[in-house]
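Geometric and topological summary
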Amino acid sequence: MASYHKPDEKTLQGLKDIANKLRINSIKATCASNSGHPSSCCSAAEIMSVLFFHTMRYKANDPRNACNDRFIMSKGHAAPILYAAWAEAGYVKESELLNLRKLDCELEGHPTPKLAFVDVATGSLGQGLGAACGMAYTGKHFDKSSYRVFCLLGDGECSEGSVWEAMAFASHYKLDNLVAVLDVNRLGQSEPAPLQHDMETYRKRCEAFGWNTYVVDGHDVEELCKALWQAQQLKGKPTAIVAKTFKGKGLSGIENEENWHGKPIPKDRVESLLAELQNQIQTNRPLCPEQPNEDTAEADLSPISLPSPPEYKLGDKMATRRAYGVALARLGKSSQRVVALDGDTKNSTFSETFKKAHPGRYIECFIAEQNMVSVAIGCAARDRTVAFASTFAAFMSRAYDQIRMAAISQSNVNLVGSHCGISIGEDGPSQMALEDLAMFRAVPTCTVFYPSDAVSTERAVELAANTKGICFIRTSRPDMVVLYSPEEKFEVGHAKVVRQSDDDRVTVIGAGVTLHEALTAADQLAVEGVNIRVIDPFTIKPLDAATIVSCARATGGKVITVEDHYKEGGLGEAVCTAVAEEPGIVVQRLAVSRVPQSGKPQELLDLHGISAKSIAAAVRATFAN
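Residues numbered from 1 in each chain as written. Predicted model: local features only at pLDDT ≥ 70, side-chain atom pairs only at ≥ 80, totals over all residues. Heavy atoms only, no water.

Identification of the chain as Transketolase from Synaphobranchus kaupii is taken from an unreviewed UniProt entry. Here the chain is described in UniProt, under the heading Sequence similarities (unreviewed entry), as follows: "Belongs to the transketolase family." (UniProt positions renumbered as here; feature names shortened; annotations may be inferred.)

Some words on the UniProt feature "domain: Transketolase-like pyrimidine-binding" (unreviewed entry) in the chain
Mapped onto this numbering, the UniProt entry annotates "domain: Transketolase-like pyrimidine-binding" (unreviewed entry) at residues 318-483. Secondary structure within residues 318-483 divides into 39% helix and 19% strand; the distance between the first and last C-alpha atoms comes to 11 Å. (Helix = DSSP H or I, 4+ residues; strand = E, 2+ residues; numbered from the N terminus.)

Overview of the pattern of salt bridges
All chains considered together, the criterion is met by 26 salt bridges. Arginine 553 is the partner of glutamate 582 in a salt bridge, and the nearest nitrogen-oxygen pair spans 2.4 Å. Taken together, the residues span a long stretch of sequence, with glutamate 582 in the loop between helix H19 (571-578) and strand E19 (586-592) and arginine 553 in helix H18 (residues 545-554) at a distance of 29 residues. Glutamate 582 gets classed as partly exposed once you look at its relative accessible area, which sits at 24%. Relative accessible area serves as the criterion here: at 56%, arginine 553 is assigned to the exposed category. Residue arginine 589 is joined to glutamate 573 by a salt bridge in which the shortest nitrogen-to-oxygen separation is 3.9 Å. Placement of the pair is arginine 589 in strand E19 and glutamate 573 in helix H19, with a sequence separation of 16 residues. Residue class for glutamate 573 comes out partly exposed when judged on its relative accessible area of 32%. Among the ionic contacts, a cluster of salt bridges with common partners joins Glu200, Arg203 and Glu207. (Salt bridge = Lys/Arg side-chain N within 4 Å of Asp/Glu carboxyl O. Buried < 20%, exposed > 50% of the residue type's maximum accessible area, 1.4 Å probe, protein only.)

Things to note about the packing of helix H6 (residues 161-172) against helix H13 (residues 369-380)
Following both chains from N to C, one finds H6 and H13 inclined at 70°, their axes separated by 9 Å at the closest point. The angle between H6 and H13 falls in the class roughly perpendicular. Crossing of H6 over H13 shows right-handed handedness. Touching Ser162, Glu165, Ala166 and Phe169 of H6 are Glu369, Gln370, Asn371 and Val375, all from H13. A per-class count over the contact of H6 with H13 returns 3 nonpolar, 3 polar and 2 charged. (Axes fitted to C-alpha atoms, helices over the stretch in contact; angles between N-to-C directions. Parallel < 35°, antiparallel > 145°, perpendicular 65-115°, else oblique. Left-handed = near helix turned anticlockwise from the far one by under 90°. Contact = heavy atoms within 4.5 Å. Nonpolar A, V, L, I, M, F, W, Y, C, P; charged D, E, K, R; others polar.)

This is how it looks when you write it as structure tokens:
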């Protein structure tokens, strides 16, 4: 191992001075906005100074440069000191700091990627390290580049289980290009954090999770420089730097005192405190970050297409979950940017098909869905990969906060949920996704695909790879008949009318399993001389309102929706919203109305009123009324 060379005294003093400048600008910014977290900024001042002006390699005038080291402020409430660091680096105008949290300013209360130097939004605590894991994994295994990833966490957020999911992931994959710095300032929002300044327990926990760990004085720039240098030398493990700090460090009467979280400095104390900090600054020596290695290619943003049309024939049978795996493996053949993640369900979601075809681009995240989504967001950051993460759709609910934050992060991540609805059968309600459409429909930027056969599944995967924002693809367990020819064209927001005649009496809208039940009902009713129109929406969000309204008008305003989902927030509600301002259209909704139980799929579809028999009965009742 190379020997450590202590920085010269001028450099150390320069780092101390920058730390105090960061404190000063954090206080000025939060005072100008009369809100924010200056005490949380002050505890991290030396950490930020050393990271940004001694350790990290980046182009200050080009924050999103592919070669730059990455930094994630997981304790997002300390955003003002992040902004202050970029002002010190020359990217942000110092005067702009005074517009913190104002409506026309992108320096928001917590960091978002509206800013070029922010890769993922933070502020919902406990999520930054998972995204950092995704970036570090991408750097090491996909980009094979020298950039490193640094994540600053607060001690309070270490109560979040997602932090320890990420710790386990980073250790398992030996992410030695990842450094987590824990700002242990003892105080949470409403009371002290559980361990307060028990640094030994923090050390033991990090080491128990397989991390190379250093405990340092977080206000000693020389200790920080040394620990960060040591982290770079060690191979085969991620590094945790557990930094003992004091909330409000450098502020007389505030430092290490309770009840200062999220409070700007009182106006009558600002001048004296700023003067105290200013008096500690001994030099104005600028410190410039070291430039990164030029070893990372620019992101390839060209469209990604399936190498050939789907290879299914009309009438073939295949589950859409299995078709997802085939589609993803084929898409991965077209582009090296396509990567897959799963939460130990790959033999059920069929992401294992991708793993077998492209083992170097598959990430096993094990049973840690929150971390899986965060890792996927990190993998997709800066457009380095096109990431698809899959598990049972029911378990996506565990990661809903991460999904919500992905939207704020402007992430282009693709999430695939299998085993939707009661049609999975005997496994019972704990495995049945019956809330997922409502969940994803509520997320801004989210496109919701619900393919009903193998061909449309392949096209959904292809479209998702090229669609901005979050994409959710809902796949089903049962084998289903192929309805579409390989040449059929699919578009986001365009429905398919799969059964129609000139004398249709009712429009029935189904998706996945219920589309096939609707087609069976159509056959049964046709024998009775009753024709119905059947629509496959393909995407539930955006929904093809024009086609639905047109078909509804052609069938006397009568619409029946049928879905393998709870009534609240699903397909039926989406259709009701689409036709809400259209006079004369009446929507009847068939959906799962109570907690289901184990049983055979067809038994459950009948029991909960969403089978062909139930659809036919609902059509007949429409005329009876």
